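What follows is the residue order along each chain.
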Amino acid sequence: MTSNEEGRGQSLDDIFGDFAELELENVTIQVDELKLALRPMVQQLAQAAAKAAIEMPKSLIPAQLKAPLGEYPGVIREITIGATKKEGGSRSNTVTIGGHTAPAWDLFQSPPKNPPVIAADVFDMPIPLAKAVKTHYREVLEDPAEWAKLCVDKFGADVITIHLISTDRQLGDTSPAAAAKTIEEVLQAVKVPILIGSAGDPEKDGPVLAKAAEVCEGERTLLCSATIDIYEPIAVAAKEHDQIVLSWTSLDINDQKELNRRLIEWVTPDQIVIDPTTAALGYGLEYAFTMMQRMRLAGLLGDSELQYPISSGTTNAWAAREAWLKAPELGPRELRGPIWESVTALSLLLAGNDLFMMMHPAAMKTVHDLIEWLRERRPIPVEEYADWTTIDIPEGA
Amino acid sequence: MGKLPGPLDIYPLLPGTNCEECGEANCMAFATKLAEYTVKLTACAPLYREAKYVKKLINLEDLIRPPVREVVIGTGEKAASIGGKLVLYRHDLRYSNPIAFFVDVADTLEGDALSQRVKAIEDWTYMYIGQNLRLDGIALRGVSQDPQTFAKAAKKLSSLTDWPIILCSLNPEMLAAAAKAIADKRPLLYAATLDTWSDAGEIAVKHNLPLVAYAPSGLDNLASLVNTLRAMGVEELVLDPGTASRTGLGTTVDNFTQLRRAATIGENELVGYPLLATPISVWADHKEGAAPELTKWDEVLTAASMIVRYSDAVVVHSLDMWTNLPLTFLRSNLYTDPVKPVAVEAGLQEFGDVDADSPVMYTTNFALTYFTVESDIKQAGVNAYLLVVDTEGMSVQSAVAGRRLTAEKVAEALEEYKVSEKVKHKILISPGMAARISGETEEVSGWAVKVGPQDSSGIPKYLQMGKWNEE
């Protein structure tokens, strides 16, 4: 070194700090230069030192990846929907959701206790539907029983949700008794468990769901939904007739906890499923995704107010105009719509959702497939990973 | 959540002079922002300028290095920064560096076919709430399996585009030829394997290029490969544990999750590198003569899974709107800063040159609803008032169902924002989704309510028809 270090008031040790151990004998540095180009200099020195040390490995240097296990003291409750004859109902089978002890699909930790299920939406009156959806239901729009049958027999729905929207004062104002008749017809038509959806009319929802709980005595149905505004009549009916309540809030974890607390004054924790609201891909999906993920993690980490299976109104995916807009430049809407519903469902599936309320048959099939595929963790033979860098892909595809 | 440094860890390593050169009031304020990763360390000029801070600087760089390192592919404005991830879950902070979408080009494409494909990739775009969604880069595949052809195609490609490039071949001779041809473009090399690490690693070191470590035979093997490449001096790595679709999807999601979880929560720096997924692999199962739509469908599902589960870059083949719209939307959604509020401020917004005859519409203050309506009105270029009603951040449909949007609320908003002082008519256009409260709204507010379109994309046409102010 040729410079006057004392004059500069600092030593090389000050300057290089941790790099003082570097070999500097063969390097000549002017301190002025050094100051100007200090960062690159230090980096170069470090690199030079590192490179000098490199010896070509003769063989692979083994390392291991320890499975990054988490600690989850909480367990998500297991909720069974539907009841067979033996259990006091009339269904041929029941479905059970929840029961998880790890974040969704972290298979290295533990596989999902119960795979998610799909409920097909059925309405008690014709409603406006996107064309790509309507095509599949045109024949049954006037007949909820036939509609339900189609969903089970042809589209493979695990359960049916019968939405009693005609009870809405604006949409027909049909009576709770008429709704009860529709429910009975659907119960006759299909043997899978059924869920009951109300119209979202603040005056009618209470009496309609109470009546539904009564006619479904023994069936262990899910009453959709109790909200922070209207929950008491629904909770009372669920208690009296041993039904399950869907606790529905709007993307707010505190509201969700609050509503669950209130419901617990009537029902047991084994009678609650939660729905933090599903927003469509592109139109708020991230809020729904994060809300579900946070609720599930909170439950697993021990928050007993959030240890419930989660439900999603996945049909909301169709609120995205990209799903249904007649716009040839965006590609065929026969594909665009169902892929929109499928991708919305897929992201929520990975966030931990347990019950999907859906409509498009292709989307329902896709989510069933995804659930099967995601459940499996196996050593895949290396030959199964094709060399995609060399494959021929047909032109125009 | 793994340990990210706090302001108090950072502060002692800053100069502590409160010089304000960074734009913050003092070093503590800068430390707080560094801890939130909302400022770059380079904003602290003295750290880099003054020799006496070198030790601090080195320690600081070490301290704030993201658990997933950042790798830059390409050069210039179009360069893609991938990785740099700080957290496992977006709600823990946010996801940085949106996933880069690379679309493939075969090296056997010649002349116009090549340039057309490149142009199609560059031109793919869609306007989504005020931003242009786009793809990010090009993956050149060595289909020819001939090093000269591959190198030639790389050269051609780099003259056609300034987008980042991945050179894709498992044959090191191919990589050597193409890397030599376009090393100055900083392509990402795909890939080094358990068999080729020595040759592939050497090419990366020689040209100082980022390199993918590809080991589908298990995560221990991948870790060994990384360990070995690092020992060779390869510093910029991207990891590929293999992408299997359909019945392999569970394993793939599991592998990606383990790697990312180990890097962030497990603080395992050996795997703290960006992850690459290759949904394009689905095309290996494509049967000749079969409908390509089915394979594309699988590609979308695989890509969507890997967008949610921790990939930092993906290679896809499909270039359709119906395949890539949901994927770019999904990326955009998940990479939105989660602290971004759900609600915008309520009030009366004006668009264009409004006057006393301009139409008045209303909507809710859910951010997504508002921005969608806003973008539709702007694109239509109409003059209109938009009354934003406070629905506690709920969309129209949910707010009506959840009683957050009621006749009373609409009437209150009309009153509060003094709409009647702005226009000389008393006609309010309601969202189609709020039709059921229109009668009540008329009663409570005294305004005539006209029900507008179900979706705000219908606003321009609706206003154009002029029916809103007919008796």
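Criteria and cut-off values
- Positions within a chain are numbered from 1, following the residues in the order the chain's sequence is written.
- All chains are assigned letters beginning with A, and all ligands numbers beginning with 1, in the order in which they are written.
- Since the coordinates come from a predicted model, pLDDT governs what is reported: local features require at least 70, and pairs of side-chain atoms require 80 or more to be given and counted, while whole-chain, interface and lining totals use all residues.
- Strands here mean DSSP runs of E at least two residues long; helices mean DSSP runs of H or I at least four residues long; both are numbered from the N terminus.
- Three exposure classes are used. Buried residues have 20 or more other C-beta atoms within 10 Å of their own C-beta, exposed residues have 12 or fewer, and partly exposed residues fall in between, all C-beta atoms being placed from the backbone.
- Two residues qualify as being in contact provided that their C-beta atoms, derived from the backbone, are within 7 Å of each other.
- Only strands that DSSP links by at least two bridges are regarded as paired with each other.
- Angles here are taken between N-to-C directions and fall from 0 to 180 degrees, while the axes themselves are lines fitted to C-alpha atoms, restricted in helices to the stretch in contact.
- Throughout this description, any angle smaller than 35 degrees is read as roughly parallel, any larger than 145 degrees as roughly antiparallel, any in the 65 to 115 degree range as roughly perpendicular, and the remainder as oblique.
- Here a crossing is taken to be left-handed if its near helix is turned anticlockwise relative to the far helix by less than a right angle, and right-handed if that turn runs clockwise.
- Amino acids outside the nonpolar list (Ala, Val, Leu, Ile, Met, Phe, Trp, Tyr, Cys, Pro) and the charged list (Asp, Glu, Lys, Arg) are all regarded as polar, and Gly is one of them.
- This arc describes the spread of directions from the helix axis toward the C-beta atoms.
- Note on scores: pLDDT gives the predictor's confidence for each residue, bounded by 0 and 100.
- Throughout this description, the term nonpolar core refers to a group of buried Ala, Val, Leu, Ile, Met, Phe, Trp, Tyr and Cys residues whose C-beta atoms join them within 7 Å.

Across its full length, chain B holds 17 helices and 17 strands. By principal-axis analysis of the C-alpha atoms, chain B measures approximately 80 × 70 × 40 Å. Looking at chain B residue by residue over its 471 residues, the buried ones come to 51%. For chain B, the proportion of contacts with a sequence separation of at least 24, taken over those separated by at least 6, is 65%.

Residue and element names in this part refer to chain A. The strand order 8-7-6-5-4-3-10-9 describes an open sheet built from eight strands, whose pairing is parallel. In this open sheet, the two edge strands, each paired with only one partner strand, are strand 8 (272–275) and strand 9 (311–312). The sheet contact formed by strand 3 (residues 117–123) and strand 10 (residues 355–358) spans four bridges and is parallel. Bridge pairing in strand 10 links Ile-118 to Phe-356. Packed on one face of the sheet, helix 6 (residues 144–153) meets strand 3 and strand 4 (159–163) and runs near 155° to strand 3. Of the strands in this sheet, strand 3, strand 4 and strand 5 (194–197) touch helix 7 (residues 176–189), which is tilted by about 160° from strand 4.

All names here are of chain B. Read across the sheet, eight strands follow the order 10-9-8-7-6-3-12-11 without closing on themselves; strand pairing throughout is parallel. Edge strands, defined here as strands with exactly one partner in the open sheet, are strand 10 (237–240) and strand 11 (276–277). In terms of strand pairing, strand 8 (residues 188–192) meets strand 9 (residues 211–214) through three bridges, oriented parallel. Looking at strand 9, one finds that Ala-192 is bridged to Ala-213. Against the sheet, helix 6 (residues 147–160) touches strand 3 (100–106), strand 6 (137–141) and strand 7 (165–168), its axis set at about 165° to strand 6. Where helix 7 (residues 172–182) meets the sheet, its contacts fall on strand 7 and strand 8, and the angle it forms with strand 7 comes to roughly 155°.

For the rest of this paragraph, the subject is the pairing of strand 1 (residues 70–73) of chain B. Residues and elements named next belong to chain B. In strand 1, alternate side chains face the same way, and those of Val-71 and Ile-73 are buried while those of Glu-70 and Val-72 on the opposite face are not. Here four bridges tie strand 1 to strand 2 (residues 80–83), and the two strands are oriented antiparallel to one another. Across the sheet, residue Ile-73 finds its bridge partner in strand 2, namely Ala-80. Between strand 1 and strand 2, which pair antiparallel one after the other, the connecting turn spans six residues, and Gly-74 there sits at a positive phi close to 85°.

So, on to the packing of helix 8 (residues 197–207) of chain B against helix 9 (residues 219–232) of chain B. Residue and element names in this part refer to chain B. Close contact between helix 8 and helix 9 brings their axes to 10 Å; oriented N to C, the two are set at 45°. Of the possible angle classes, the one that applies to helix 8 and helix 9 is oblique. Crossing geometry of helix 8 relative to helix 9 is assigned as right-handed. The residues of helix 9 that touch helix 8, namely those facing Trp-197, Gly-201 and Val-205, are Leu-225, Thr-228, Leu-229 and Met-232. Considered class by class, the residues forming the contact of helix 8 with helix 9 number five nonpolar, two polar and no charged.

In this section: the pairing of strand 8 of chain A. Residue and element names in this part refer to chain A. Neither face of strand 8 is left uncovered, since the one carrying Ile-272 and Ile-274 and the one carrying Val-273 and Asp-275 both have all their residues buried. Bridge count between strand 7 (residues 244–248) and strand 8: four bridges; the pairing is parallel. For Leu-246, the partnering residue across the bridge sits in strand 8 and is Val-273.

On to helix 2 (residues 27–35) of chain B, then. All names here are of chain B. Burial in helix 2 covers these residues: Cys-27, Phe-30, Ala-31 and Leu-34. Around the axis of helix 2, the buried residues are gathered within 105° of arc, so they sit on the same side. Contact partners of the buried residues in helix 2: helix 1 (7–10) and helix 4 (54–64). One or two positions beyond helix 2, positive phi appears at Tyr-37, with a value near 55°.

By a widespread convention, an interface's size corresponds to the accessible area lost as its parts come together. Taken together, the contact pairs 86 residues of chain B with 85 residues of chain A. Of the residues in the side of chain B that touches chain A, the class split is 44 nonpolar, 28 polar and 14 charged.

Our next topic: the confidence of the model for chain B. Low-pLDDT portions of the prediction should not be read for the details of their coordinates. For chain B, the mean per-residue pLDDT works out to 94, and 99% of the residues sit at or above 70. The complex model carries a pTM of 0.89, and its ipTM stands at 0.89.

Glancing now at the nonpolar core. Core analysis: the largest hydrophobic core is formed by 241 residues, its most contacted members being Ile160(A), Leu223(A), Leu189(B) and Ala213(B). At nine residues, the largest contribution of residues to this core is made by helix 13 (residues 333–351) of chain A. Discounting chain neighbours no more than four positions away, the residues touching Leu223(A) are Ile196(A), Leu209(A), Ala212(A), Ala213(A), Ile234(A), Ala237(A), Ala238(A), Gln243(A), Ile244(A), Val245(A) and Leu246(A). Counting residues in each nonpolar core, the second largest holds 15 residues, with Cys22(B), Ala31(B), Cys44(B) and Leu47(B) among its members.

All right, on to the confidence of the model for chain A then. A residue-level look at chain A finds 86% of positions with pLDDT of 70 or above and a mean pLDDT of 89. Here residues 1–38 of chain A is modelled with pLDDT under 50, and outside its nearest four sequence neighbours on either side it reaches 33 contacts, counting other chains as well.

Time to look at the environment of His91(B). By the secondary structure assignment, His91(B) is in the loop between strand 2 and strand 3. Along the sequence, His91(B) and Asp195(B) sit 104 residues apart, while their C-alpha atoms lie 40 Å from each other. Not counting the four nearest positions on each side in its chain, His91(B) is found in contact with Thr290(A), Gln293(A), Arg294(A) and Pro338(B).

This part is about unusual backbone geometry. For the peptide bond that leads from Cys224(A) to Ser225(A), omega is 5°, which places it in the cis range. Following the sequence through the fold, Ser225(A) ends up in strand 6 (residues 222–226). Residues Tyr190(B) and Ala191(B) are joined by a peptide bond in cis, for which omega reads 5°. Relative to the helices and strands, Ala191(B) resides in strand 8. Positive phi outside glycine occurs at Leu251(A), with the angle close to 50°. Here Leu251(A) shows up in the loop between strand 7 and helix 10 (253–263). Classification of Leu251(A) by C-beta neighbours within 10 Å gives buried; the count is 23. Notably, Arg186(B) is not glycine yet its phi reads approximately 50°, a positive angle. Within the secondary structure layout, Arg186(B) lies in the loop between helix 7 and strand 8. Classification of Arg186(B) as partly exposed rests on a count of 19 C-beta atoms within 10 Å.

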